[in-house]
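# Notes for the structure review
One-letter residues, chain by chain:
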Amino acid sequence: MNSGQRAHFRRILETLKQELSEDIDRTVHAMQDEATLFADPNDRATQESDIALELRNRDRERKLIKKIDETIGRIDKDDYGYCENCGVEIGLKRLEVRPTATLCIDCKTLDELREKQVAK
Ligand SMILES: [Zn+2]
């Protein structure tokens, strides 16, 4: 991967991170605004499951941000775009769609098949 390509993916990742951070901030504020509004127990129950869902989403977003940071670190070390498992180039097309991908499409497919079998 040349320096122009690295800069390109770095920009994509930084934009993604920015959007996620803003989304988390919005969620925090929305939850603070809603925190004491409902007196009705049914409304409260709904609200609590909404909050649980939001917390799960935020957890996922935080993990994704961490992954983005790690990915940017790999770009800096010129280690970006190679499959963690087999070492082949992941491919620019795949990275355009999934800039945080750490596995090539073959390893990813195998990985998902394995996960499905474990789930059964
Ligand atoms: Zn691979």
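Notes on the structure follow. (Residues numbered from 1 in each chain as written. Predicted model: local features only at pLDDT ≥ 70, side-chain atom pairs only at ≥ 80, totals over all residues. Heavy atoms only, no water.)

## Let's talk about the coordination of the zinc ion
- Coordination of the zinc ion by the protein is provided by Cys83 (SG), Cys86 (SG), Cys104 (SG) and Cys107 (SG), with metal-donor distances spanning 2.2 to 2.3 Å.
- For the zinc ion, the four donor atoms are set out with angles of 106 to 114° between them, so the coordination reads as tetrahedral.
- Of note, the donors binding the zinc ion are all from one chain and are spaced C-x2-C-x17-C-x2-C.
- Classification of Cys86 by relative accessible area gives partly exposed; the value is 43%. (Donors = N, O, S within 2.8 Å, 3.2 Å for Na, K, Ca; no water. Tetrahedral: all angles 85-135°; square planar, octahedral: opposite > 155°, others 65-115°. Buried < 20%, exposed > 50% of the residue type's maximum accessible area, 1.4 Å probe, protein only.)

## A word on the nonpolar core
- Ranked by size, the top nonpolar core spans 16 residues in total, and within it Cys83 and Leu95 carry the most contacts.
- Going through the elements one at a time, α1 (3–34) and α2 (41–76) are the ones with two or more residues in this core.
- Setting aside its immediate chain neighbours within four residues, Cys83 contacts Val88, Ile90, Thr102, Leu103, Cys104 and Cys107. (Core = buried A, V, L, I, M, F, W, Y, C linked by side-chain atoms within 4.5 Å. Helix = DSSP H or I, 4+ residues; strand = E, 2+ residues; numbered from the N terminus. Contact = heavy atoms within 4.5 Å.)

## Let's talk about unusual backbone geometry
- Positive phi outside glycine occurs at Asp78, with the angle close to 60°.
- By secondary structure assignment, the location of Asp78 is in the loop between α2 and α3 (92–97).
- On the basis of relative accessibility, which here comes to 44%, the residue Asp78 falls in the partly exposed class.

## Examining the pattern of salt bridges
- Taken as a whole, this structure holds 10 salt bridges when the rule is applied.
- The shortest N-O distance in the salt bridge between Arg74 and Glu84 comes to 3.3 Å. Here Arg74 is found in helix α2, whereas its partner Glu84 is found in the loop between α2 and α3, with 10 residues between them in sequence.
- Its relative accessible area of 15% is what places Arg74 among the buried residues.
- Salt bridges linked by common partners bring Arg10, Glu14 and Asp76 together as one network. (Salt bridge = Lys/Arg side-chain N within 4 Å of Asp/Glu carboxyl O.)

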